[in-house]
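For reference, the chains in residue letters:
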Amino acid sequence: MAGILKWLLTPPPEPERVQPEEIIYRLNDRPPVKVLLAVAGQHSLLALMLMVYALLAAAALDLGYAETISFVSSSLLILGLGTFLQGLRSRITPGVPLVSILSPVPLATYVTIASLHGLGAAMGAIIAANLILMLLAPYLPRLRAYFPPEVIGVVILLLGMELVSSGVSRSVGLNEGTEVSGAQALVALGTLVGIIAASVWGSMRFRIMAVLIGTVIGSLLSLWLGLFDFQALERLEEQAPLALPWQSVSLPMPELVPMAILAFLVVELFGAMDQLAVSLTIDKLNNKKWRRADMNLVSRSVMTNCFQNMLLGAAGLISGGASSAHVGLAHASGVMSRYVSLMTGTIMMVLAFIPAIATLVVLTPEPVVGGVLIYTAAFLIVSGMQLIFSRMLDMKRSFTAGLSIVVGMSLLILPRITEQAPDWSETIVGSALMVGSLCAIGLNLLFRIGIKKTAHTVLENDHPGSEIAEFLEHHGKIWGAREEVIRRAGLAIGEAVEALQGAEVVAGPVTLTVRFDEVDVVCALSYEGRKLKLGQGGPVDLEALLEDEDDAALDASMMQVSSTMIMRLADRVRAFERKGRANLVLQFEH
C-alpha cells in the first residue's frame with residue numbers, strides 16, 4: 001500500500017519550459033510567504049464573489065435560510081479541496097494554478113432534474129456523468145471534432161440567454177413581487193456601472209476584480225436606499241464562530257435515472273471541454289516557446305475536476321470547473337505557481353467552517369445579484385458569438401449555429417411548446433440549453449457526413465500563389481478551420497513553392513496535400529527531384545547584399561530569407577526524400 005501511495009505521489013516528468021518575461025514565478029517555483037498569502041487572498045476573495053451560482057441553485061430548490069448557508073459552505077469546502085488538488089503535482093493531479101468555482105452551465109439541468117425526479121436523481125446524475133468523463137479524460141482531445149467552436153459557442157450563447165430572465169427579474173424586484181421597484185433597478189444599475197467601469201477603464205488588476213467592485217458599489221447603494229435586510233444581518237451575530245458546513249442538510253441517497261444521467265453527461269462534456277481549454281491556456285502561458293500541448297497535464301486536470309464534481313454531486317451541490325477569471329488574475333500578477341492553488345484551496349476550505357462567511361454571501365442583496373447576472377449573461381452571449389465566428393463558416397456550419405439558436409430560443413420564448421412531451425423526455429426538453437445543445441451536436445454530426453479531412457491538388461502554374469490561397473480557403477470553410485491559420489498556411493506554402501522553383505530542385509509538377517484533424521493543419525508538397533535544404537547559413541546582411549554585385553551570392557541570400565520566412569510562418573517544417581520523391585511538410589498548430 002505504501003508503495004502504491006508513493007508511486008501515485010511521485011510526479012511524472014515534465015516537458016522543458018522556457019520562462020516568459022512577464023511571469024515572475026513559474027509552475028513549480030515557491031514564492032515567498034508574503035507574496036503567496038497576498039495572491040492567494042485575492043484568489044479566495046474572487047472565488048467568494050463568484051458563489052452567486054450557489055445562491056441561484058439554492059433559490060431554485062426553495063431552500064431555507066439555514067440550508068442555503070450550508071449549501072454555500074459545503075460548496076466552498078469541496079471547491080477548496082478541488083483547487084488544492086489542482087495545485088498538487090502527482091501522477092493523477094496536474095500541479096497547475098487553477099481555482100475551482102461553481103459553473104453556470106449545469107445549473108438549469110440540475111434544477112430541472114431535481115424538480116422532476118428529486119434531488120437524489122440530480123446527485124446520481126452528477127456522480128455517474130463525471131465518473132464516465134473521468135474514464136474518458138485521456139481521450140477528450142480526440143472528441144474536439146464533435147464539439148467544434150460553433151457548437152460550444154451555441155451552448156455558451158444559450159446559457160447567457162437563460163440567465164437574462166433571472167437577472168432582470170432580480171434587478172427590478174419582480175423576483176419578490178409583482179411590481180417593478182425603481183430602487184432595486186437603481187441598485188442593479190449601480191452594480192453594472194461599477195463592473196463596466198472597472199472592466200473598461202480600470203487597470204488589469206481592477207478589470208480582474210470588476211465583479212467585486214460592482215458588488216461593493218451595489219451593496220452600498222442598497223444600504224443607502226434602505227434595501228438592506230438588517231434583520232437578516234442580526235442573524236450574523238447568532239452564528240457560531242466555527243461550524244461544520246453540512247450541519248443543516250439532510251440528503252437523500254443518489255438515484256440512477258438514465259435520462260437524467262444522459263442529460264447531465266451532455267452538459268458535463270461541455271464543462272470538460274472548458275476545463276481542457278483553461279488547462280491548455282495555463283500550459284501555454286508558462287512556456288515562451290510553447291509548440292504542443294502537454295496533454296498528460298491536461299488530462300490530469302480534467303480527471304481532478306471530475307473527481308471534485310463527484311464529491312459535489314454526492315453532497316447535493318451543482319458541479320464546478322476552473323475559473324478563467326482566476327487565470328487572468330494569475331497572469332496579471334505574474335505568479336503562475338501551483339503553490340497559489342495549494343494556498344487558495346486551503347483558505348477556501350478554512351473559510352467553509354466559518355458560518356459568517358457564507359452568511360455574508362447569502363445576505364448579498366437581490367438587485368446586486370441581478371446586476372451580476374446581467375453582466376454574466378452579456379459576457380456569455382458575446383463570448384458565444386465570438387466562438388461561433390472564430391472559425392471559417394460555410395453554409396453547413398451557419399445552419400448548425402443558426403438553427404440550434406432558434407430551437408433553443410423558441411423554448412425560452414414559448415416554454416409551452418413542450419407541454420405535450422412524454423414524461424420520460426422532460427429532463428431534456430425542459431431545458432432550452434439542453435435542447436439547443438443537442439440540436440447543435442446532432443446537426444454537426446449530420447453535416448460531417450461526406451466531409452473528407454484530406455484534400456489534394458496539383459499545382460500547374462509557375463506562380464500558383466492565388467491558386468493555393470483559393471484551395472486552402474475553400475477547404476478551410478468546409479472543415480471549419482481558423483481563418484488566421486489558413487491564411488498563414490497559404491503564405492508559407494506560396495513561399496515554399498517559390499523557394500523550390502528558385503532552388504531548381506523540382507523536376508515536374510508539385511502536388512499539394514492538406515490534412516486537418518482539429519489539432520493541426522498539415523500541408524505537404526510532394527514532387528520529383530531533390531529535397532529542399534532549409535535553415536542553412538546565418539542572418540542575412542541586406543545592406544551588404546545591395547552593394548554586392550555577385551548574383552550567386554544574392555540568390556543564395558534570397559533563398560536564406562525565403563527559408564527563414566517559411567520556418568517562421570510554420571510551427572514545424574520537415575524536408576525528406578522517400579521512394580524517389582522529395583517532400584516538404586509544413587505543420588501549423590490549430
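Definitions and cut-offs
- The residue count restarts for each chain, going from 1 along the sequence in the order it is written.
- The predicted nature of this model means local features are confined to residues of pLDDT at least 70 and side-chain atom pairs, given and counted, to a pLDDT of 80 or more, with totals for whole chains, interfaces and linings taken over all residues.
- With hydrogens and water stripped out, all remaining heavy atoms of the structure feed into the side-chain values.
- A pairing counts as a salt bridge when a side-chain nitrogen of Lys or Arg comes within 4 Å of a carboxyl oxygen of Asp or Glu.
- Numbered from the N terminus, helices here are DSSP runs of H or I no shorter than four residues, and strands are runs of E no shorter than two.
- Residues belong to a common nonpolar core when they are buried Ala, Val, Leu, Ile, Met, Phe, Trp, Tyr or Cys residues joined through side-chain atoms within 4.5 Å.
- Three exposure classes are used, based on accessible area relative to the maximum for each residue type with a 1.4 Å probe and protein chains only: buried under 20%, partly exposed in between, and exposed over 50%.
- Any pair of residues with heavy atoms lying within 4.5 Å of one another is described as a contacting pair.
- Here the term patch refers to residues with relative accessible area over 30% and no salt bridge, with like charges joined within 9 Å and nonpolar side chains (Val, Leu, Ile, Met, Phe, Trp, Tyr) within 5 Å.
- Only the protein chains shown count as cover for residues, and the accessible areas themselves come from Shrake-Rupley with a 1.4 Å probe.
- Multiplying 1.5 Å by the helix residue count minus one yields the expected span of that helix.
- Under this definition, polar contacts are N or O atom pairs within 3.5 Å; protein pairs additionally need one hydrogen-donor-capable and one acceptor-capable atom, and for neighbouring residues in sequence, both atoms have to be side-chain atoms.
- A strand pair is defined by DSSP finding two or more bridges across the two strands.
- Put simply, two rings from Phe, Tyr or Trp (the six-membered ring, in Trp's case) pair if the centres are within 6.5 Å, and we call them stacked under 30 degrees between planes, edge-to-face over 60, tilted for the rest.
- Note on geometry: a ring has a charge over it if NZ (lysine) or CZ (arginine) is within 6 Å of the ring centre and within 35 degrees of the ring normal.
- Each axis is a line fitted through C-alpha atoms, taken for helices only over the stretch in contact, and angles between the N-to-C directions span 0 to 180 degrees.

**Q** How should I be thinking about the pattern of salt bridges in this particular structure?
**A** Opposite charge on two side chains permits pairing when their charged atoms draw close. As enumerated under the stated definition, the model contains 9 salt bridges in all. The salt bridge partner of Arg 482 is Glu 484, with a shortest N-O separation of 3.0 Å. With a shortest N-O distance of 3.2 Å, Arg 572 and Glu 589 are connected by a salt bridge. Residue Arg 572 is found in strand β6 (residues 572-578), and its partner Glu 589 is found in strand β7 (residues 581-589); the two are separated by 17 residues along the sequence. Here the salt bridges share partners, and the residues they tie into one network are Asp 520, Arg 572 and Glu 589.

**Q** Explain the nonpolar core here, please?
**A** Inside soluble globular proteins, nonpolar side chains tend to come together where they are buried. One finds Val 72, Leu 102 and Tyr 110 to be the most contacted residues of the largest nonpolar core, which totals 86 residues. Top contributing element to this core by residue count: helix α12 (residues 258-285), with 13 residues. Beyond its immediate stretch of four places on either side in the chain, Leu 102 contacts Met 51, Tyr 53, Ala 54, Ser 75, Leu 79, Leu 312, Ile 318, Ser 319 and Gly 320. Ranked by size, the runner-up nonpolar core spans 34 residues in total, among them Trp 479, Ala 499, Val 510 and Tyr 527.

**Q** For this particular structure, what's the right way to read unusual backbone geometry?
**A** Comment: phi is negative for the bulk of residues other than glycine, and the bulk of peptide bonds are trans. Positive phi, normally seen in glycine, also occurs at Asp 62, with a value near 60°. Within the element layout of this structure, Asp 62 appears in the loop between α3 (52-60) and α4 (65-87). Its relative accessible area of 69% is what places Asp 62 among the exposed residues.

**Q** Before we go on, may I ask you to explain the environment of Leu 223 in this structure?
**A** Relative to the elements of secondary structure, Leu 223 occurs in helix α10 (residues 210-224). In this structure, the C-alpha to C-alpha distance between Leu 223 and Pro 365, residues 142 residues apart in sequence, is 9.4 Å.

**Q** Explain the side chain of His 43 to me, please; I cannot follow it from the model alone.
**A** Mapping His 43 onto the fold places it in helix α2 (residues 33-49). Residue classification places His 43 among the buried positions, given a relative accessible area of 1%.

**Q** Would you take a moment to explain a nonpolar patch on the surface for this structure?
**A** A surface patch of nonpolar side chains, about 390 Å² in accessible area, is lined by Leu 412, Ile 413, Leu 414 and Ile 417. Residue position: Leu 412 is located in helix α18 (residues 395-413). On the basis of relative accessible area, Leu 412 is assigned to the partly exposed category, the value being 33%.

**Q** Which parts of the structure should I look at to understand the environment of Ala 47?
**A** Among the structural elements, Ala 47 can be located in helix α2. Separated by 279 residues in the primary sequence, Ala 47 and His 326 have C-alpha atoms spaced 8.3 Å apart. The contacts of Ala 47, once residues within four sequence positions are left out, are Val 99, His 326 and Met 348.

**Q** Help me out: how do you make sense of helix α15 (residues 338-351) in this one?
**A** One full turn of an α-helix is made of 3.6 residues, so residues set three or four places apart face in the same direction. The end-to-end C-alpha distance of α15, which contains 14 residues, comes to 20 Å, matching closely the 20 Å that a straight helix rising 1.5 Å per residue would cover. Counting buried positions over the 14 residues of α15 gives 10, a clear majority of the element. Among all positions in α15, only Arg 338, Tyr 339, Val 340, Ser 341, Leu 342, Thr 344, Gly 345, Met 348, Met 349 and Leu 351 are buried. Check the buried side of α15 and you find it contacts α2, α4, β1 (100-102) and α16 (355-362). One side-chain oxygen of the residue at the start of α15 lies 3.1 Å from the amide nitrogen of Tyr 339, identifying that residue as Ser 337.

**Q** In this structure, what is going on with the pairing of strand β4 (residues 510-516)? I would like to understand it.
**A** Side chains on a regular strand alternate between the two faces of the sheet. In β4, alternate side chains face the same way, and those of Val 510, Leu 512, Val 514 and Phe 516 are buried while those of Thr 511, Thr 513 and Arg 515 on the opposite face are not. Pairing between strand β3 (residues 454-459) and β4: 6 bridges, direction antiparallel. Its bridge partner being in β4, Val 458 is matched across the sheet by Thr 511. Taken together, the 6 bridges between β4 and strand β5 (residues 520-527) define a ladder with antiparallel strand orientation. Residue pairing for β5: Leu 512 is matched across the bridge by Leu 525. Counted along the chain from β4 to the antiparallel partner β5, the turn is 3 residues long, and its residue Glu 518 has a positive phi close to 75°.

**Q** Whenever I open this one, the packing of aromatic side chains confuses me. Can you help?
**A** One pass over the structure, following the stated rule, counts 2 aromatic pairs. Aromatic pair Tyr 375 and Phe 379: ring centres 6.3 Å apart, planes at 25°, arrangement stacked. Linking Tyr 375 with Phe 379, this pair stays in helix α17 (residues 366-388), spanning 4 residues, or about one helical turn. Given the relative accessible area of 25%, Tyr 375 is considered partly exposed. Consider the rings of Trp 479 and Phe 516, whose centres lie 6.1 Å apart with planes at 20°: the pair is stacked. Here Phe 516 lies in strand β4 and Trp 479 lies in helix α21 (residues 465-479), a separation of 37 residues in the sequence. The burial state of Trp 479 is the same as that of Phe 516; both residues are buried. One Lys or Arg, Arg 338, reaches over the ring of Tyr 339 and ends 4.7 Å from the middle of that ring.

**Q** Looking at this model, I keep getting lost on α10. Mind explaining?
**A** The first and last C-alpha atoms of α10 sit 21 Å apart over 15 residues, in line with the 21 Å expected at 1.5 Å per residue. Considered for burial, the residues of α10 that qualify are Ala 210, Val 211, Leu 212, Gly 214, Thr 215, Gly 218, Leu 221 and Ser 222.

**Q** I'm lost on the sheet that holds β3 in this one. Help?
**A** The strands making up a sheet are joined through hydrogen bonds of the backbone, oriented either antiparallel or parallel. Judged by pairing direction, the sheet is antiparallel, and its 5 strands sit side by side in the order β3-β4-β5-β7-β6 without closing on themselves. Edge positions in the sheet fall to β3 and β6, since each has one partner strand and no second. Across this sheet, the average inter-strand angle for adjacent strands is 15°, counted without regard to direction. This element, α21, spans β3, β4 and β5 of the sheet and lies at about 170° to β3. Relative to β7, helix α22 (residues 483-503) is tilted by about 155°, and along the sheet it contacts β3, β4, β5 and β7.

Fair warning: the whole summary comes from geometry, so function is off the table for now.
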